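Geometric and topological summary
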Amino acid sequence: MDSTKSESPQGSPEAKEAGGVAFAEPHPTLLGPAGHGSGSKGGGGGCGRGRGRAGGWRQRRMDSRVSELFGGCCRPGGGPAVGGTLKARGAGSTSGCGGPKGKKKNGRNRGGKANNPPYLPPEAEDGNIEYKLKLVNPSQYRFEHLVTQMKWRLQEGRGEAVYQIGVEDNGLLVGLAEEEMRASLKTLHRMAEKVGADITVLREREVDYDSDMPRKITEVLVRKVPDNQQFLDLRVAVLGNVDSGKSTLLGVLTQGELDNGRGRARLNLFRHLHEIQSGRTSSISFEILGFNSKGEVVNYSDSRTAEEICESSSKMITFIDLAGHHKYLHTTIFGLTSYCPDCALLLVSANTGIAGTTREHLGLALALKVPFFIVVSKIDLCAKTTVERTVRQLERVLKQPGCHKVPMLVTSEDDAVTAAQQFAQSPNVTPIFTLSSVSGESLDLLKVFLNILPPLTNSKEQEELMQQLTEFQVDEIYTVPEVGTVVGGTLSSGICREGDQLVVGPTDDGCFLELRVCSIQRNRSACRVLRAGQAATLALGDFDRALLRKGMVMVSPEMNPTICSVFEAEIVLLFHATTFRRGFQVTVHVGNVRQTAVVEKIHAKDKLRTGEKAVVRFRFLKHPEYLKVGAKLLFREGVTKGIGHVTDVQAITAGEAQANMGF
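Keep in mind that what you see is a predicted model, and the values were worked out from it rather than measured. (Residues numbered from 1 in each chain as written. Predicted model: local features only at pLDDT ≥ 70, side-chain atom pairs only at ≥ 80, totals over all residues. Heavy atoms only, no water.)

1. With respect to the sheet that holds strand β16 (residues 484–493)
In plain terms, the rule: What makes two strands pair is DSSP finding at least two bridges between them. Where helices and strands are cited, they refer to DSSP runs of H or I of at least four residues and of E of at least two residues respectively, numbered from the N terminus.
The eight strands lie next to each other as β19-β18-β24-β15-β16-β23-β20-β21, forming an open sheet whose pairing is antiparallel. Here the strands that pair on one side only, and so sit at the sheet edges, are β19 (513–516) and β21 (525–526). Two strands pair when backbone bridges link them, and strand β18 (residues 501–505) and strand β24 (residues 553–555) are joined in this way by three bridges, in the antiparallel orientation. In the strand pairing of β24, Val-504 is matched with Met-554.

2. Things to note about the sheet that holds strand β12 (residues 372–377)
The criterion, for reference: The criterion used for residue contact is that any of the two residues' heavy atoms lie within 4.5 Å. Orientation is described by axes fitted as lines to C-alpha atoms, over the contacting stretch for helices, and by angles from 0 to 180 degrees between their N-to-C directions.
Taken together, eight strands build an open sheet; the order of strands is β9-β8-β10-β7-β11-β12-β14-β13 and the sheet is mixed. Every interior strand has two partners, whereas the edge strands, β9 (297–298) and β13 (406–409), have only one. Both strand β7 (residues 232–240) and strand β10 (residues 315–321) contribute to a ladder of seven bridges, which runs parallel. For Val-238, the partnering residue across the bridge sits in β10 and is Asp-321. Sheet strands in contact with helix α5 (residues 246–255) are β7, β8 (285–291), β10, β11 (343–349) and β12, and its direction is about 160 degrees off that of β10. Packed on one face of the sheet, helix α9 (residues 358–367) meets β7, β11 and β12 and runs near 165 degrees to β11.

3. Here's the deal with the packing of aromatic side chains
Quick note on the threshold: The pairing test for Phe, Tyr and Trp rings, Trp by its six-membered ring, is centres within 6.5 Å, and the orientation test on the planes gives stacked under 30 degrees, edge-to-face over 60, and tilted for anything in between. Think of it in three bands: residues with accessible area under 20% of the maximum for their type are buried, residues over 50% are exposed, and the middle band is partly exposed, with areas taken using a 1.4 Å probe on protein chains only. Comment: the charge-over-ring label is applied if NZ (Lys) or CZ (Arg) is within 6 Å of the ring centre and within 35 degrees of the ring normal.
In total, this model carries 12 aromatic pairs according to the counting rule given. Centre to centre, the rings of Phe-373 and Phe-433 are 6.2 Å apart; their planes meet at 75 degrees, and the pair counts as edge-to-face. Separated by 60 residues along the polypeptide, Phe-373 in strand β12 and Phe-433 in strand β14 (residues 429–434) bring together distant segments of the chain. As far as the burial class goes, Phe-373 and Phe-433 line up, both buried. Linked through ring pairs, Phe-567, Phe-580, Phe-584, Phe-618, Phe-620 and Phe-635 together constitute an aromatic cluster. Between Arg-190 and the ring centre of Phe-143, over which it is positioned, the NZ or CZ distance is 4.3 Å.

4. Some words on the nonpolar core
Within soluble globular proteins, side chains that are nonpolar generally end up buried alongside one another. Threshold: Here, nonpolar core means buried Ala, Val, Leu, Ile, Met, Phe, Trp, Tyr and Cys residues that are tied together by side-chain atoms lying within 4.5 Å of each other.
In this structure, Leu-249, Phe-319, Phe-373, Val-375, Leu-446, Phe-449 and Leu-450 are the most contacted members of the largest nonpolar core, which totals 44 residues. With seven residues, helix α12 (residues 443–452) is the largest single contributor of residues to this core. What Leu-450 contacts, discounting residues up to four positions off in sequence, is Leu-289, Phe-291, Lys-315, Ile-317, Phe-319 and Phe-373. In terms of nonpolar packing, the next biggest core, distinct from the first, is built from 38 residues, Leu-322, Val-348, Leu-362 and Val-376 among them.

5. Considerations on the pattern of salt bridges
Our working rule: Should a side-chain nitrogen of Lys or Arg be within 4 Å of a carboxyl oxygen of Asp or Glu, the pair is scored as a salt bridge.
Tallied over the entire structure, the rule returns 20 salt bridges. Here Lys-132 makes a salt bridge to Glu-130, at a shortest N to O gap of 3.3 Å. The class for Glu-130 is buried, based on a relative accessible area of 1%. Glu-180 is the salt-bridge partner of Lys-134, the closest N and O atoms lying 2.9 Å from each other.

6. What about unusual backbone geometry?
Cis geometry is found at the peptide bond from Gly-505 to Pro-506, where omega equals -5 degrees. Even without being a glycine, Asn-137 presents a positive backbone phi close to 45 degrees. When you line up the elements, Asn-137 lands in the loop between β3 (129–132) and α3 (140–156). Taking the relative accessible area as the measure of exposure, Asn-137 reaches 70% and is therefore exposed. Not every positive phi belongs to a glycine, and Arg-158 is a case in point at roughly 55 degrees. As for its placement among the helices and strands, Arg-158 is situated in the loop between α3 and β4 (160–165). Under the relative-accessibility criterion, Arg-158 is labelled buried at 18%.

Below is the structure:
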């Protein structure tokens with residue numbers, strides 16, 4: 001919760017290190033040969049002795065880390081009574097850090113030890129988490145108020161809310177007797193029926209609170225597909241070194257059948273013959289995994305079609321399968337920058353550890369500020385000690401300067417629930433799963449995590465984007481028999497409907513062409529309305545495919561879009577073997593734009609070295625592009641890498657674009 005967060009010992013967003021580079025830049029070891037970075041925002045501090053203790057950051061036990069991060073209460077032995085989750089344990093001594101001091105009078109001595117009640121962080125006004133002490137026989141007026149409150153929490157969570165029953169608003173874990181808990185869950189079920197939602201009990205915990213009778217708190221997931229959507233949507237980019245098992249894991253998750261150890265599960269995911277022959281992904285593919293309102297998996301295991309999966313699911317996970325081989329790094333970067341994933345899954349093979357492009361993919365996720373979690377695969381191929389060594393290696397890398405993540409090893413279903421909630425609340429928490437696609441060991445823990453993982457963008461941002469004019473990024477172009485030209489991509493802002501008249505461009509000569517959206521599909525099923533942040537394919541009828549290219553945008557005619565060949569960006573040079581000078585050519589990635597550009601000028605400097613910052617003027621070599629100020633930028637050329645954001649664009653007309661062609 002925001003009310004319990006503080007800066008971590010490692011630094012703050014404003015913290016600088018020797019190179020004068022802020023946290024947006026990853027550490028040198030994370031992007032292959034080089035990189036640079038410094039402090040990060042803490043995931044939250046505990047209180048009292050728990051805050052900033054070096055030993056707490058080094059403990060391997062997940063509960064201790066979560067407790068310190070989220071204002072929990074640490075027991076003297078190091079195990080938390082509460083770690084921002086439902087982790088109340090035993091009658092051992094606790095310290096109620098998160099709640100008001102006045103509540104400590106409820107504790108009493110047992111066996112000569114003080115037993116102060118444990119706390120969760122106080123309830124926040126915003127967000128999708130609601131605390132309720134009890135819901136026993138409410139009046140009609142109170143019931144209607146509770147229903148309105150549930151609608152608000154569902155709206156904040158974009159269709160998902162979590163209810164903590166038996167918890168006071170200040171976070172005190174009181175618990176309820178069996179009969180009261182049964183009555184409260186019955187009331188909650190009535191409330192959910194009223195709004196058309198379903199409830200699922202995530203977990204129950206006994207609490208030791210000033211009572212000789214057993215008392216429990218219950219955590220409940222409430223899920224409702226918003227009226228203006230077909231299902232909840234979450235996009236997950238899949239990263240990792242070649243041969244780490246990315247496509248195999250996705251095949252097991254989406255097909256519902258375990259692998260045979262020789263790659264059978266991945267065959268349905270490959271798009272090209274050479275991918276089947278080599279077993280290596282070279283293109284971007286999309287796979288879907290659904291969950292119904294009760295949290296049950298919906299996939300192709302029952303010979304369902306994609307349309308049936310969409311109809312049966314209330315939550316849809318869209319996996320973006322990216323290439324792991326260094327030869328296809330440009331494809332991986334394009335997938336991360338253009339498809340706007342909500343989070344990333346970094347796959348690491350247990351028997352090889354951090355190797356090949358793993359560090360580079362980790363650095364890309366950090367540079368683009370994409371939250372990520374880690375899956376250690378192939379644990380059936382190696383001894384337990386080898387798996388533990390790989391996990392320790394990951395923990396060391398995650399704690400390095402410029403990364404400053406808090407590893408959270410998931411070993412039980414309870415851990416998976418905790419990891420999903422804390423991952424959404426703090427960008428510093430990085431869950432680590434260990435599993436096998438052959439034996440299926442711990443595969444269910446990953447499914448529990450994906451089912452509970454809430455949307456990582458809030459509803460206010462979504463509403464603001466929907467109020468803007470339509471802007472659709474063109475990432476893929478197809479020709480479909482009897483349909484015509486089809487484009488795939490993401491709607492950056494506004495709303496797009498069937499029959500809308502839009503303009504697409506810029507063309508090589510800087511023009512925008514009129515077109516009409518004939519039909520829309522999301523996850524291979526028909527859709528009438530597309531909203532900001534959603535990915536889809538749009539059928540354009542008989543529009544000439546030759547006039548389209550990746551990197552174009554389709555926008556509302558009222559937008560009067562501007563284009564540029566020259567733009568300026570504030571950059572950080574992550575690595576360059578010598579010096580970065582005027583005239584150097586790099587491949588620039590800005591959203592779905594990917595084009596070679598030349599450095600025209602470095603402001604206030606003659607040259608740049610690794611780790612240095614500057615404002616640089618670039619010029620596209622081939623054709624003008626549609627850019628916006630503030631957009632994230634990533635450029636590379638060989639081992640040279642840099643990141644930054646666009647600070648200025650020099651708008652030009654179509655005539656000027658024609659004159660500049662071939663510059």
